[in-house]
Amino acid sequence: MLKKLEKKDFDKYAEFAYELALDMTKSGYPTYADGIKTKNDFIARAREAFSRNGEEILLFEQDGKVNGWIHYYHLPDDHYLGTSSFCVAEGMREALNEFITFAREHFSGSELYLGFPKGNIEAVEALNAYGFECIEESYNNVMNFEQYMQQPESSDVIPITRENFQLFADIHSQYDDDMYWTSQRILNAIDGWRIFVLLREGKAAGAIYSRIFEDKTMSEIFGVDFPDGIYDGRVYRELLTAVLNDDKRRGTKHMVFFCDEESQSDALACGFHCVGEYVCYQKKL
């Protein structure tokens, strides 16, 4: 059964949940086994469940024993339901079944997104069995900037601002129907993004966009776009080099990047380290 975690009981279960979050066979994404996010990060994010609207932590119990916790968040304007942590010591399939039932009862009409390490076999098999659609399979890569030396950059790569945003929108808008971070949403929050475009004959031959986290020490590349979706390894590496050099200059400590199989070898060639494989499942409630 699922039971709401009360604030007074938080310290009783937080350590237990964090230990599970370090095990990629017993937890979901975001993973805390990447060598970047810390115990303090996990605790701080979990505590926010008591102060943010649309968030709760649910304890998963079996035979009177707490076997896990599920920290979910709901964005009503976007009809989006996701999890900040999904940690289960035993009974992952049953925990997913109960959470899906809970979500249908409370958030009907929303889209439920659940991300897991591919190595969490019980979760992957359960979501397939429950009729979820796998909408992404990728490699979870990280960069430790202490180990990164700046590389020569192409003069064809330029930064994107509000003034020249259309160069980015021209190439990114082809994906607007398939993702949350549309061109307009990125423009509305552009101060929190770093975007680069590689130009050929005045047009974008590729674009890369990364988001800066609040503490300014970590960033994440959200995507690399190409005209008509046609991959170009050389453009890809030049864009990666530009954003890596920029983060190095700014003092960023770590970067996260999820790559597909086609681009993974180029990402590794640019210095990224692979933590593991990621899968994301989606279902309308």
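One structure accompanies this document, and this report is about it. (Residues numbered from 1 in each chain as written. Predicted model: local features only at pLDDT ≥ 70, side-chain atom pairs only at ≥ 80, totals over all residues. Heavy atoms only, no water.)

### With respect to the overall build of the chain
Applicable threshold: Segments assigned H or I by DSSP are reported as helices when at least four residues long, segments assigned E as strands when at least two residues long, and all are numbered from the N terminus. C-alpha atoms define the radius of gyration, and 2.2 Å times the number of residues to the power 0.38 defines the globule rule. Classification of residues uses two cut-offs on accessible area relative to the type maximum, computed with a 1.4 Å probe and protein chains only: under 20% is buried, over 50% is exposed, and between them is partly exposed. Residue contacts are defined here by distance: any two heavy atoms, one from each residue, within 4.5 Å place the two residues in contact.
Of regular secondary structure, the chain possesses 8 helices and 12 strands. Here the C-alpha radius of gyration of the chain, 20 Å, is about what a compact globule of 285 residues would show, namely 19 Å. For the chain, the spread of C-alpha atoms along the principal axes amounts to about 65 × 40 × 35 Å. Looking at the chain as a whole, 49% of its 285 residues qualify as buried. Pairs at least 24 apart in sequence give 67% of the contacts found in the chain among residues at least 6 apart.

### Observations regarding the sheet that holds strand E8 (residues 193-200)
Put simply, the test is: Any two strands are treated as partners once DSSP identifies two or more bridges connecting them. With axes taken as lines fitted to C-alpha atoms, and helix axes fitted only over the stretch in contact, angles between N-to-C directions fall between 0 and 180 degrees.
The strand order across the open sheet built from 12 strands is E1-E2-E3-E4-E5-E12-E6-E11-E10-E9-E8-E7, with neighbouring strands paired in mixed fashion. Among the strands making up the open sheet, the edge pair consists of strand E1 (2-4) and strand E7 (157-159). Neighbour-to-neighbour, the strand axes of the sheet open up by a mean angle of 30 degrees, direction not taken into account. Taken together, the 6 bridges between strand E6 (residues 133-144) and strand E11 (residues 254-259) define a ladder with antiparallel strand orientation.

### Observations concerning the pattern of salt bridges
Note the following rule: In the sections that follow, a salt bridge refers to a side-chain nitrogen of Lys or Arg positioned within 4 Å of a carboxyl oxygen of Asp or Glu.
The full count for this structure, using the stated rule, is 21 salt bridges. For glutamate 61, the salt bridge goes to lysine 3, with nearest N and O atoms at 3.1 Å. With glutamate 61 in strand E2 (residues 55-62) and lysine 3 in strand E1, the pair connects residues that are 58 residues apart, well separated along the chain. Salt-bridge contacts for aspartate 232 lead to arginine 200; the nearest nitrogen and oxygen are separated by 3.5 Å. Placement of the pair is aspartate 232 in the loop between strand E10 (218-225) and helix H7 (233-250) and arginine 200 in strand E8, with a sequence separation of 32 residues.

### With respect to the pairing of strand E9 (residues 203-212)
For E9, a buried count of 8 out of 10 residues is recorded, marking the element as mostly surrounded by other parts of the structure. Relative to E9, E8 runs antiparallel, the two being bridged by 8 bridges. The partner of isoleucine 195 across the bridge, within E9, is tyrosine 209. Hairpin connection of E8 to E9: 2 residues between the antiparallel strands, including glutamate 201 at a positive phi of 55 degrees. Of the strand pairs in this sheet, E9 and E10 are connected by 6 bridges, and their pairing is antiparallel. Along E10, the bridge assignment pairs arginine 211 with glutamate 220.

### Some thoughts on empty space enclosed by the protein
A water-sized probe, rolled over the atoms, reveals where empty space remains. This is how the line gets drawn: A cavity here means a set of points on a 1 Å grid, drawn over the protein atoms and nothing else, where a 1.4 Å probe fits but cannot get out; a pocket is an open set with protein on both sides within 12 Å along at least five of seven lines, and a residue lines either one if it has an atom within 4 Å of a point. Grid points are joined across faces, edges and corners, and a volume is the space filled by probe spheres set on the points.
Enumeration according to the criterion identifies 1 cavity of 30 Å³ or more in this entry. Its volume calculated, the largest cavity comes out at about 30 Å³. Surrounding the largest cavity, Tyr32, Phe42, Arg45, Ala46, His71, Ser84 and Ser85 form its lining. Among the secondary structure elements, those contributing two or more residues to the lining of the largest cavity are helix H2 (39-47) and strand E4 (80-88). A total of 3 residues in the lining of the largest cavity trace back to one element, the largest contributor, which is H2.

### Things to note about the pairing of E6
Along a regular strand, successive side chains alternate from one face of the sheet to the other. Pairing analysis gives 9 bridges linking E6 to strand E12 (residues 273-284), with the strands arranged antiparallel. Of the residues in E12, the one forming a bridge with glutamate 133 is glutamine 282.

### Notes on the side chain of asparagine 67
Here asparagine 67 shows up in strand E3 (residues 65-75). Sequence-distant contacts of asparagine 67, that is, excluding residues within four places in its chain, are made with Phe16, Leu20, Phe60, Gln62, Cys87, Val88, Ala89 and Glu90.

### Digging into the nonpolar core
Side chains of nonpolar character tend, in soluble globular proteins, to be buried together. Selection rule: Only buried residues count toward a nonpolar core. Its members are Ala, Val, Leu, Ile, Met, Phe, Trp, Tyr and Cys residues joined through side-chain atoms within 4.5 Å.
Counting 26 residues, the largest nonpolar core has Leu81, Phe86, Leu96, Phe99, Leu112, Leu114 and Phe116 as its most contacted members. Every element with two or more residues in this core is listed here: E2, E3, E4, helix H3 (92-106), strand E5 (111-117), helix H4 (121-129) and E12. Setting aside residues up to four positions removed in sequence, leucine 96 forms contacts with Phe86, Leu114, Phe116, Ala123, Ala126, Leu127 and Tyr130. Counting 24 residues, the second-largest nonpolar core is a separate cluster that includes Val157, Ala205, Val243 and Leu244.

### Brief notes about the state of the cysteines
What counts here: Sulfur atoms of two cysteines make up a disulfide when they are within 2.5 Å.
According to the stated counting rule, one finds 0 disulfides in the structure shown. Left unpaired, cysteine 270 is separated from the closest cysteine sulfur, that of cysteine 259, by 9.3 Å. With relative accessibility at 14%, the residue cysteine 270 sits in the buried group. With no disulfide of its own, cysteine 280 has cysteine 134 as its nearest cysteine by sulfur position, at a separation of 7.6 Å. Residue classification places cysteine 280 among the buried positions, given a relative accessible area of 8%.

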